[in-house]
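These are the residues of each chain, in order.
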Amino acid sequence: MAADVGPGGLAVLTAAALAVALVVLYTVRLGAPPWPSAPRARRALLAALPDRVEGEILELGSAWGGLALDLAARYPDRRVVAVELSPIPWAVSRLRALAGRAGNLEARRADLHRVDLSRAGLIVCYLHRDAMARLAARLRAEAPHGCVVVSNTFGLGDWTPVARHPVGDAFGTTILVYRVPESLPATQA
Ligand SMILES: C[S@@+](CC[C@H](N)C(=O)[O-])C[C@H]1O[C@@H](n2cnc3c(N)ncnc32)[C@H](O)[C@@H]1O
């Protein structure tokens, strides 16, 4: 088999196998696969975004960067930071940002739980329950009041969304919109 593909082919196969292994490893470590929002959910999410944003736009867990490119195109006068820790999806999103000449888009390899939220005007995410609970705690402490959070599927713990947009797919997917309040009621603080 190895003789059939030749040394070049073997190198490509090895690199591909390593890349797949790395994606699997980070999926297990982070508890979320680099699965992009499905086209219908992505359309609903984009439709749920505010017309104007004050401050930075963060996409937390941006995977391959498709949604981040949409955000950069939608808000050309805003800085968009796409945050992804898994190296292969991050590398692809960085290449896509360069190829798409999205000057306002930064593809940053970082842990989303360590990213500065203090300048965010809009946060977009599609994560999982535990990550959202951790994020909720940090938003309370760090995000500016009025910051809008738009999440595919997973809610911010016991926060009450200001809007819910059912996607209308077979899975019952909903896009949830939150706004960070000035001071949270006792039950949510
Ligand atoms: C389901 S994908 C969402 C992709 C994209 N946001 C979208 O909606 O199309 C979730 C991504 O979050 C990333 N992720 C999970 N935990 C993370 C963390 N702590 N720091 C950075 N990225 C993380 C995963 O690697 C994965 O690529």
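Residues numbered from 1 in each chain as written. Predicted model: local features only at pLDDT ≥ 70, side-chain atom pairs only at ≥ 80, totals over all residues. Heavy atoms only, no water.

The name recorded for the protein in an unreviewed UniProt entry is SAM-dependent methyltransferase, from Roseospira navarrensis.

A few words now on the domain arrangement of the protein. Domains assigned within the protein are domain 1 (1-30) and domain 2 (39-188). On a C-alpha basis, the centres of domain 1 and domain 2 stand 31 Å from each other. Taken together, the 6 residues of domain 1 in the interface contact 9 residues of domain 2. Roughly 550 Å² of surface becomes buried between domain 1 and domain 2 when both sides are summed, with 75% attributable to carbon and sulfur atoms. (Domains from an automatic or database assignment. Contact = heavy atoms within 4.5 Å. Buried area = accessible area lost by both parts, 1.4 Å probe.)

Further remarks concern the UniProt feature "transmembrane region" (unreviewed entry) in the protein. The sites that carry the UniProt feature "transmembrane region" (unreviewed entry) are, in the present numbering, residues 12-32. End-to-end, the C-alpha atoms of residues 12-32 are 27 Å apart, and along that stretch the chain is 90% helix and 0% strand. (UniProt positions renumbered as here; feature names shortened; annotations may be inferred. Helix = DSSP H or I, 4+ residues; strand = E, 2+ residues; numbered from the N terminus.)

Moving on: the site of the ligand. Residues in close proximity to the ligand total 20 residues, the closest being S37, E59, G61, E84 and D111. In this structure, D111 approaches the ligand through a side-chain N or O atom, which is 2.9 Å from a nitrogen atom. Across the shell around the ligand, the residue classes tally to 13 nonpolar, 4 polar and 3 charged. (Near = heavy atom within 4 Å. Polar contact = N/O pair within 3.5 Å; in protein donor to acceptor, adjacent residues only side chain to side chain. Nonpolar A, V, L, I, M, F, W, Y, C, P; charged D, E, K, R; others polar.)

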